[in-house]
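Structural characterization, general
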Amino acid sequence: MSTISGYIDASLWERGNTVLRAMLAAQGSTPTPDPSYISTPLAGVASAIQTQFHAGGAFQLNGTLVAYEGRPRWSRDAPSELKGNPNIAAGLAQAYTTAGYEILKYLRGSYALAILIPEHRHAFLAIDRMGIRPLAYGLTKTGFAFGSNALAVTAFPGIDRSLSAQAIHDYLYFHMVPSPETIFQGVSKLPPAHCAIYETGRLTIKRYWTPTFQLSSTPAEKLSSELMSHLEEAIDQQFDSTHSATTGAFLSGGLDSSTVVGLLAKRSNSPVNAYTIGFKAEGYDEIPFARLSAKHYNSPLCEYYVTPKDVADAIGIIAKGYDEPFGNASAVPSYFCARLARDNGSTILMAGDGGDEIFAGNERYVTQQVFSYYEKAPRPIQALLRNTLLSNTLGESFSLIHKARSYVRQAAIPLPDRLNSYNFLRRTPSSDIFDPEFIARVNTVLPDDTQRAEFRLPNHADTLQRMLFLDWKFTLADNDLRKVSRACNLAGIEVRYPMLDDDLIAFSTTIPSTLLIRNHSLRDFYKRSLAGFLPPHTIGKKKHGFGLPFGIWMANDTHLNQLARDSLDRMKQRRILQRRYIDHLVSAQQSEHAAYYGVMIWVIVMLEQWLEQHSLTQ
């Protein structure tokens, strides 16, 4: 596991190392005999950094302390004195003293970075553009502390570790706590492509990079050939031939995981082990697709079928292993897949996360194109449709009328709000979901406001590009990357994300939306470009992912059902949710739609489990 911890403080003169050890322990890092881990404490005047990493570095130059974890690299246009220094930490220390946070325009790759200048009570933090490597931070009356996760920061003296009602609400809305929030009142997370500057008691947060969607005039055929070149370069950046024998890959049989396995197979001197997870539940098992992809690339495939008992056994592990409540149920199969890899001797796993969000592979992108027809209609036509279809005089005896009415209702909601039309917290009034005292402390429109701000941010971007950019933050950085990275860390595996290579992402922003999706076909450009490389079954496969059939299993497995019900009963005592709302979810899960209502039940169960595992009360 890679971690970073540190502080700059005027009051910690004698117990600095004790505090650092507590911060390191709080984020789940423990000493290990594995020599690939290095622990490097650096101490200055009332300041310190400590790192423990697979890949990282630390350096001290004339009183400037630098530590990073991850795999940063200098860009092609970086000054020669930076690119020529083999010690990237030393280059950072030297460059920061003259250029400040502007050095980030030359930094690429995945990283979490901290630079301290104790003489000036100055601290600088930054994370990579896509938020692959996290950093959290907090202020006290006398200083500033930071760590790879929120729990590390709460171990620092003077940090307010009381729970945030807003964050709990937003967790139930998003099924995770989005940055910059954390579950703790006194701790924040750096969002992707952001840095923090602390100096003499003042804290400034800056966004240092925003993508430019500047469409290429290059013919589609040439863009297709360039895509493969960029994918190969992305693999080269992540692949280390010295670890070829212990490098494997997740494989679901979908576009991205199959691409990664195929490119690894071309680069590796030995067969690339692929790992997949299956479920004995109709509509969830992807192992047949993974087998076809593995066979196509001559990759040995290791398989594991997750059972309801596995889920029950893993709930506590997952809840305790995350620094905040985390409600994405795919964390369970991700954990078992990573553990399978570790037990098979792999130390590094390549993941395909990100392809759908940069090359337009999520169903909602096409759905919103359909709604755009209403938006493009003249206003009188829109008004006529609303007045006709939404009037009380028009019955719903025909399914066509019902569908047309639903279409107009949703189409009338502007983006990005429309993306949340089916959110559980949007389908029921807050007063029917939450305890009155709890909801009185919450701004219920904050989730919408934060998404609107992110959606508007890119300049000269069309609707699809804005949705992609929105997903980089909320779907990738806040959710999927956190899910996979932490699950792999819990299993003792390092994970890398070649699809999130900076140059590949920059290339993706030049592809016109009309090529990304053509005739309502998701990822049309990607599929056409890789038609000669990917097997035909992969091109035609529907998107699944390692989804967990929790709702279905809860309905049929007595032990899992009882575990969930016990957690829900304890949640009723916390005065967060209305008891009758929890009862409604359970009843609907049993009688109406087990899979659908099982999603929200899982989210609530994981909140309760997280609070219990960390001995916290609301």
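Reading guide: rules and limits
- Along each chain, the written sequence defines residue order, and numbers are assigned to residues from 1.
- Given that the model is predicted, a residue must reach a pLDDT of at least 70 before its local features are reported, and side-chain atom pairs must reach 80 or more before they are shown or counted; all residues, however, enter totals for whole chains, interfaces and linings.
- Excluded from the side-chain calculation are hydrogens and water; included are all heavy atoms of the structure.
- In DSSP terms, a helix is any run of H or I states spanning at least four residues, a strand is any run of E spanning at least two, and both are numbered starting from the N terminus.
- Radius of gyration here is computed from C-alpha atoms only, and the compact-globule reference equals 2.2 Å multiplied by the residue count raised to the power 0.38.
- Relative accessibility under 20% of the residue-type maximum defines a buried residue, over 50% an exposed one, and the middle range a partly exposed one, all with a 1.4 Å probe and only protein chains included.
- Contacts are assigned to residue pairs that have any heavy atoms within 4.5 Å of one another.
- All accessibility values rest on the Shrake-Rupley procedure with a 1.4 Å probe; residue burial counts only the protein chains present in the view.
- In this charge count, Lys and Arg are treated as positive and Asp and Glu as negative; neither His nor the chain ends contribute.
- Here the site of a charge means NZ on Lys, CZ on Arg, CG on Asp, or CD on Glu.
- How far a helix is expected to stretch is found by multiplying one less than its residue total by 1.5 Å.
- Any two strands between which DSSP finds at least two bridges are classified as paired.
- Stacked, tilted and edge-to-face are the three classes applied to pairs of Phe, Tyr and Trp rings, where Trp contributes its six-membered ring and a pair requires centres within 6.5 Å; stacked means planes under 30 degrees apart, edge-to-face means over 60, and tilted covers the rest.
- What counts as an axis is a line fitted to C-alpha atoms, over the stretch in contact for a helix, and the angles between N-to-C directions run from 0 to 180 degrees.
- Working rule for angles: under 35 degrees goes down as roughly parallel, over 145 as roughly antiparallel, 65 to 115 as roughly perpendicular, anything else as oblique.
- The residue classification treats Ala, Val, Leu, Ile, Met, Phe, Trp, Tyr, Cys and Pro as nonpolar and Asp, Glu, Lys and Arg as charged. All others, Gly included, are polar.
- What makes a salt bridge here is a side-chain nitrogen of Lys or Arg within 4 Å of a carboxyl oxygen of Asp or Glu, nothing more.
- Looking at any residue, its pLDDT shows the predictor's confidence there, from 0 to 100.
- Crossing handedness: left-handed means the near helix sits turned counterclockwise from the far one by under a right angle, and right-handed means the same turn made clockwise.

Considering the overall build of the protein
- In terms of regular secondary structure, the protein is built from 26 helices and 17 strands.
- Radius of gyration (C-alpha) of the protein: 25 Å, near the 25 Å computed for a compact globule of 618 residues.
- Looking at the protein residue by residue over its 618 residues, the buried ones come to 59%.
- Long-range contacts, defined as pairs at least 24 residues apart, comprise 71% of the intrachain contacts of the protein with a sequence gap of at least 6.
- For the protein, the computed accessible surface area is about 25400 Å², with 51% contributed by carbon and sulfur atoms.
- Averaging the locations of the 60 positively and 58 negatively charged side chains of the protein gives two centres separated by 3 Å.

Section: helix H6 (residues 220-238)
- Here H6 is 19 residues long and its end C-alpha atoms lie 27 Å apart, about the 27 Å a rise of 1.5 Å per residue gives.
- If you check which residues of H6 are buried, you get Leu223, Ser224, Leu227, Met228, His230, Leu231, Glu232, Ala234, Ile235 and Gln238.

Structural notes on the pairing of strand S7 (residues 122-127)
- Counting buried positions along S7 yields six of six residues, so the element is predominantly enclosed.
- Burial of S7 is two-sided: the residues His122, Phe124 and Ala126 facing one way and the residues Ala123, Leu125 and Ile127 facing the other way are all buried.
- Inspection of the sheet shows strand S6 (residues 107-117) paired to S7 by six bridges, in the antiparallel sense. Paired with Leu113 across the strands is Ala126, a residue of S7.
- A loop of four residues connects S6 with S7, the two strands running antiparallel in sequence, and Arg121 in this loop sits at a positive phi of about 45°.
- Where S7 meets strand S11 (residues 194-199), five bridges bridge the pair, whose relative direction is antiparallel. Within the sheet, the bridge partner assigned to Ala123 lies in S11 and is Tyr198.

Observations regarding the packing of aromatic side chains
- For the structure on display, the rule yields 22 aromatic pairs.
- Geometrically, the ring pair formed by Phe174 and Phe474 is stacked, given 5.4 Å between the ring centres and 20° between the ring planes. On the criterion of sequence distance, the pair formed by Phe174 in helix H5 (residues 165-174) and Phe474 in helix H18 (residues 463-491) is long-range, its members being 300 residues apart. Phe474 matches Phe174 in its accessibility class, with the two residues each being buried.

Overview of unusual backbone geometry
- The omega angle of the peptide bond from Ser179 to Pro180 is 10°, so this bond is cis rather than trans.
- Tracing the backbone through its elements, the reader meets Pro180 in the loop between H5 and strand S10 (188-189).
- Of note, the amide linkage connecting Leu415 to Pro416 takes the cis form, showing an omega dihedral of 5°.
- Tracing the backbone through its elements, the reader meets Pro416 in the loop between helix H14 (399-411) and helix H15 (430-433).
- A positive phi angle is found at His175, which is not glycine, with a value near 70°.
- Relative accessible area serves as the criterion here: at 19%, His175 is assigned to the buried category.

Side note on the packing of helix H9 (residues 308-321) against helix H10 (residues 331-343)
- Running from N to C, H9 and H10 cross one another at 95°; their axes reach a closest spacing of 10 Å. Taken as axis vectors, H9 and H10 run roughly perpendicular relative to one another. Taken together, the residues of H10 that come into contact with H9 (itself represented by Asp310, Val311, Ala314, Ile317 and Ile318) are Ala331, Val332, Tyr335 and Phe336.
- Looking at side-chain class alone, the contact of H9 with H10 contains eight nonpolar, no polar and one charged residues.

Description of the side chain of His122
- The residue His122 is located in strand S7 in this model.
- On the basis of relative accessibility, which here comes to 8%, the residue His122 falls in the buried class.
- Apart from the residues within four sequence positions on either side, His122 is in contact with Ile8, Tyr96, Ile115, Leu116, Ile117, Ile197, Tyr198 and Glu199.

Here's the deal with the pattern of salt bridges
- Under the criterion given, the structure shown has 33 salt bridges.
- One salt bridge in this structure joins Asp236 and Arg267, with 2.4 Å as the shortest N-O distance. Taken together, the residues Asp236 in helix H6 and Arg267 in helix H7 (residues 255-267) connect sequence positions 31 residues apart.
- Measuring nitrogen to oxygen at the nearest pair gives 3.6 Å for the salt bridge that ties Arg575 to Asp435. You can see Arg575 sitting in the loop between helix H24 (558-571) and helix H25 (579-591) and its partner Asp435 sitting in the loop between H15 and helix H16 (436-439), a full 140 residues away along the chain.
- Residue Arg575 is classed as partly exposed on the basis of its relative accessible area, which comes to 49%.
- Since its relative accessible area comes to 11%, Asp435 is described here as buried.
- Put simply, Lys189, Glu324, Lys473, Asp478 and Arg482 are held in one network by salt bridges that share partners.

Re the confidence of the model for the protein
- When the pLDDT values of the protein are averaged, the result is 89; 92% of them are 70 or greater.
- Below pLDDT 50 for its whole length, residues 30-48 participates in 53 contacts with residues either more than four positions away or in separate chains.

Considering the packing of helix H12 (residues 363-376) against H18
- Contact geometry of H12 with H18 gives a least axis separation of 11 Å together with a crossing angle of 145°. Considering only the axes of H12 and H18, their crossing is right-handed. Facing Arg364, Tyr365 and Gln368 of H12, the residues of H18 in contact are Leu464, Met467, Leu468, Asp471 and Thr475.
- Split into classes, the residues belonging to the contact of H12 with H18 amount to four nonpolar, two polar and two charged.

Notes on the pairing of strand S13 (residues 247-250)
- Of the pairings in the sheet, the one linking S13 to strand S16 (residues 348-350) comprises three bridges and is parallel in character. Looking at the pairing, Ala249 lines up with Met350 of S16.
- Pairing of S13 with strand S14 (residues 274-279) involves two bridges; the strand directions are parallel. For Phe250, the partnering residue across the bridge sits in S14 and is Tyr275.

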